[in-house]
Amino acid sequence: MAISTVVSRHRFWGSAGGTLLVFFVGGSLIGTLLLWLPLSQTHNADLIDLLFTAASAITVTGLVTLDTGSDFSPLGQLVIALLIQAGGIGYMLTGTLLLLGRSHFVSLRQQSTMGVSSQISEGVSLFALVRFVILFSLVTVLLTSVLLALFWIPEFGWVKGIGHSLFHAVSAFNNAGFALFSNSLVGVAGGNLVIWIHAMAFIIGGIGFIVIYEIFTPKKRLSIHSRLMIYGTLVLLTLGSAALLVFEQNTSSLGTGFDRLTAAFFQTATTRTAGFNSIDLNEMSHASHVFMMINMVIGAGPGSTAGGIRLTTFILLLTGLFAVLQGRESTRLMGRTLDVEHLLRASGILILTLTLLTVICLLLLVFEPEQEPLMVIFEAVSALGTVGLSLGLTGEMNPYSKLLIIVVMLIGKISPVMLFTALANRPEKPVRYAGGRVALG
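What counts as what
Residues numbered from 1 in each chain as written. Predicted model: local features only at pLDDT ≥ 70, side-chain atom pairs only at ≥ 80, totals over all residues. Heavy atoms only, no water. Phe/Tyr/Trp six-rings, centres within 6.5 Å; stacked < 30°, edge-to-face > 60°. Helix = DSSP H or I, 4+ residues; strand = E, 2+ residues; numbered from the N terminus. Buried < 20%, exposed > 50% of the residue type's maximum accessible area, 1.4 Å probe, protein only. Contact = heavy atoms within 4.5 Å. Salt bridge = Lys/Arg side-chain N within 4 Å of Asp/Glu carboxyl O. Axes fitted to C-alpha atoms, helices over the stretch in contact; angles between N-to-C directions. Parallel < 35°, antiparallel > 145°, perpendicular 65-115°, else oblique. Nonpolar A, V, L, I, M, F, W, Y, C, P; charged D, E, K, R; others polar. Core = buried A, V, L, I, M, F, W, Y, C linked by side-chain atoms within 4.5 Å. 1 Å grid on protein atoms, 1.4 Å probe; cavity = no way out; pocket = protein on both sides within 12 Å on 5 of 7 lines; lining within 4 Å. Points joined across faces, edges and corners; volume = space filled by probe spheres on them. Expected span 1.5 Å × (residues − 1). pLDDT = per-residue confidence, 0-100.

Turning next to the packing of aromatic side chains. A ring pair, where both rings are aromatic, is described by two values, the distance of the centres and the angle of the planes. One pass over the full model with this rule turns up 14 aromatic pairs. Between Phe136 and Phe173 the ring centres are 6.4 Å apart and the planes differ by 55°, which places this aromatic pair in the tilted class. One end of the pair, Phe136, is in helix α7 (residues 126–156); the other, Phe173, is in helix α8 (residues 158–173), with 37 residues separating them in the sequence. Of the two residues, Phe136 and Phe173, both sit in the buried class. Aromatic pair Phe202 and Phe276: ring centres 6.3 Å apart, planes at 20°, arrangement stacked. Of this pair, Phe202 sits in helix α9 (residues 191–206) while Phe276 sits in the loop between α12 (257–270) and α13 (286–298), and the two are 74 residues apart along the sequence. The pair formed by Phe202 and Phe276 is uniform in burial state, with each residue classed as buried. What links up through ring pairs into an aromatic cluster is the set Phe132, Phe136, Phe173, Tyr213 and Phe216.

As structure tokens, then:
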């Protein structure tokens, strides 16, 4: 019994989920110590708020209890930016490097462990993928910062303009949502063009490195996963923007003219784990708030810097639903038949997410009995999806709620990988039990 326990513990800490748990918890504690330095702060902040900031940065969530631009010195802001970069890229690379210790190549079973089953061809070099991820990330952040600097250097001067540009480029590409302005991107210098630059950066960061790798690698045809991510992203952004325009047709929250279209698109895109906001969310309708929470749960692509159940999981669930409604025994997608294993995995992810969300909401409602329930639920969904949007509750929470949100942000980042690992590594069972039927409906 003791030997079995030791072996199971060893397997856990040696798994992708265990490695990520150590990475994010350790990064949060190291970040807290660095932010605790007097040189990192403009005034003495509570330790719980520093831990909250570090955990939010390393998990690229973006929820804050302190003002990043005014409560932290340039050194503190640099620490936060480094935590964001480490968390965003490390999330994808940790699982990859773990596999690299076993083999230089990715098998289909190992790919599914990383949550990217059948996304890259058998035999693709992990070293090539890692090099590409690092290089592409640095180039994209650099180009984004240059574009932002064109607007912010004339506005803030060379030092502040370059600093703000680099920080926001890192935050946007990694879907972190941290901003050096107290109201995020509301009324930001540069207007719509700066907002679109942010949007393009976090859409690219959220589509998944595997998709980007395939696009830049000479190949006759993109994989099903890449095509699914590209088409799905375009459809969700288009339908989501139209939905917000309809929900906000009787309000002025989105502005007027081209500003209205920009705001609708940006708020649709940012709710899929980016965390920035270009308008006051409290001025939006409850219908828009609920719609944004649905987007938070869906999230972006696997193998990216974003969170949520993943767009591919959502599409698989929809195809399974359509198959049931049409009375088909198999699911088809883009001319291919999908194994029932894919649907079971997608269903498991959704059930786990909804179960966690229910428990988190109940606990937050207990800890924050005086707050409006919608604000509490919005905060819980944002934390679990590592989104970072808030209706104003974050800074008003008591220490127990803050600790809970810290744990939730870590769970939101680690639980998908742990579930993928459990599903991918389960042993095959040669024995099949006799079939049976259960009445439904």
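It is worth spelling out the side chain of Ser28 at this point. Following the sequence through the fold, Ser28 ends up in helix α2 (residues 16–36). Given a relative accessible area of 3%, Ser28 falls into the buried group. If we skip the residues at most four places from it in the chain, Ser28 touches Leu51, Ala54, Ala55, Ile58 and Leu410.

This brings us to the pattern of salt bridges. Using the criterion set out here, one finds one salt bridge in the structure. Lys402 is the partner of Asp49 in a salt bridge, and the nearest nitrogen-oxygen pair spans 2.8 Å. Of this pair, Asp49 sits in helix α3 (residues 47–58) while Lys402 sits in helix α17 (residues 399–424), and the two are 353 residues apart along the sequence.

Pairs of packed helices are described in terms of their axes, by the angle between the two and the distance that separates them. The geometry of helix α10 (residues 209–216) relative to helix α11 (residues 224–247) is characterised by a closest axis approach of 9 Å and an angle of 105° between their N-to-C directions. With respect to each other, α10 and α11 are oriented roughly perpendicular. Facing α10, whose interface residues are Ile210, Val211, Glu214 and Ile215, α11 presents His225, Ser226, Met229 and Ile230. Residues that form the contact of α10 with α11 fall into these classes: five nonpolar, two polar and one charged.

Further remarks concern the nonpolar core. In summary, soluble globular proteins display a tendency toward joint burial of nonpolar side chains. Residues Ile80, Ile84, Phe378 and Ile405 are the most contacted members of the largest nonpolar core, which totals 92 residues. Beyond its immediate stretch of four places on either side in the chain, Ile84 contacts Ala57, Val60, Val170, Ser171, Asn174, Ala176 and Phe178. By size, the runner-up hydrophobic cluster in this structure holds 21 residues, among which are Trp152, Phe181, Phe266 and Phe276.

Mapped onto the secondary structure, Ala86 falls in helix α5 (residues 74–100). The class for Ala86 is partly exposed, based on a relative accessible area of 32%. Sequence separation between Ala86 and Ala57 is 29 residues; the distance between their C-alpha atoms is 9.1 Å. Contacts of Ala86, omitting those with residues within four sequence positions, involve Phe23, Ile58 and Tyr91.

Size it by volume and the second largest pocket reaches roughly 540 Å³. In terms of lining residues, the second largest pocket is bounded by 28 residues, among which Val64, Ser182, Ser184, Asn277 and Ser390 are the most central. Across the lining of the second largest pocket, the residue classes tally to 11 nonpolar, 15 polar and two charged.

Turning to its location among the elements, Ala54 is positioned in helix α3. Sequence-wise, Ala54 and Val25 are 29 residues apart; in three dimensions their C-alpha atoms are separated by 9.8 Å. If we skip the residues at most four places from it in the chain, Ala54 touches Ser28, Gly31, Thr32, Leu35 and Leu83.

Each turn of an α-helix holds 3.6 residues, which means side chains three or four residues apart point in the same direction. For α13, which comprises 13 residues, the first-to-last C-alpha distance of 19 Å matches the rise-based estimate of 18 Å (1.5 Å per residue) to within 8%. Within the sequence span of α13, burial applies to Ser288, His289, Phe291, Met292, Met293, Asn295, Met296, Val297 and Ile298. In this fold, the buried residues of α13 make contact with α11, α12, α14 (311–325), α15 (340–367) and α16 (373–384).

For α9, spanning 16 residues, the distance from its first C-alpha to its last is 23 Å, which sits close to the expected 22 Å at 1.5 Å a residue. Those residues of α9 that sit buried are Val194, Ile195, Ile197, His198, Ala199, Ala201, Phe202, Ile203, Gly205 and Gly206. Downstream of α9 by one or two residues, Gly208 has phi in the positive range, about 110°.

Locating Ser73 in the fold gives a position in the loop between α4 (68–71) and α5. Discounting chain neighbours no more than four positions away, the residues touching Ser73 are Leu39, Ser40, Gln41 and Thr42.

Let's shift gears to the confidence of the model for the protein. Confidence in the prediction for the protein averages 83 pLDDT; 82% of positions are at 70 or higher. Low pLDDT, under 50, characterises residues 1–7; the stretch is placed with zero contacts to residues that sit more than four places away or in other chains. Per-residue pLDDT stays below 50 along residues 98–123; that stretch engages in 66 contacts with residues further than four places along the chain or on separate chains.

The phi dihedral of Val60 is positive, around 45°, even though this residue is not glycine. In this structure, Val60 sits in the loop between α3 and α4. Phi at Arg310 takes a positive value of approximately 90°, unusual for a residue other than glycine. Summarising the element assignment, Arg310 is placed in the loop between α13 and α14. For Arg310, a relative accessible area of 3% translates into the label buried.

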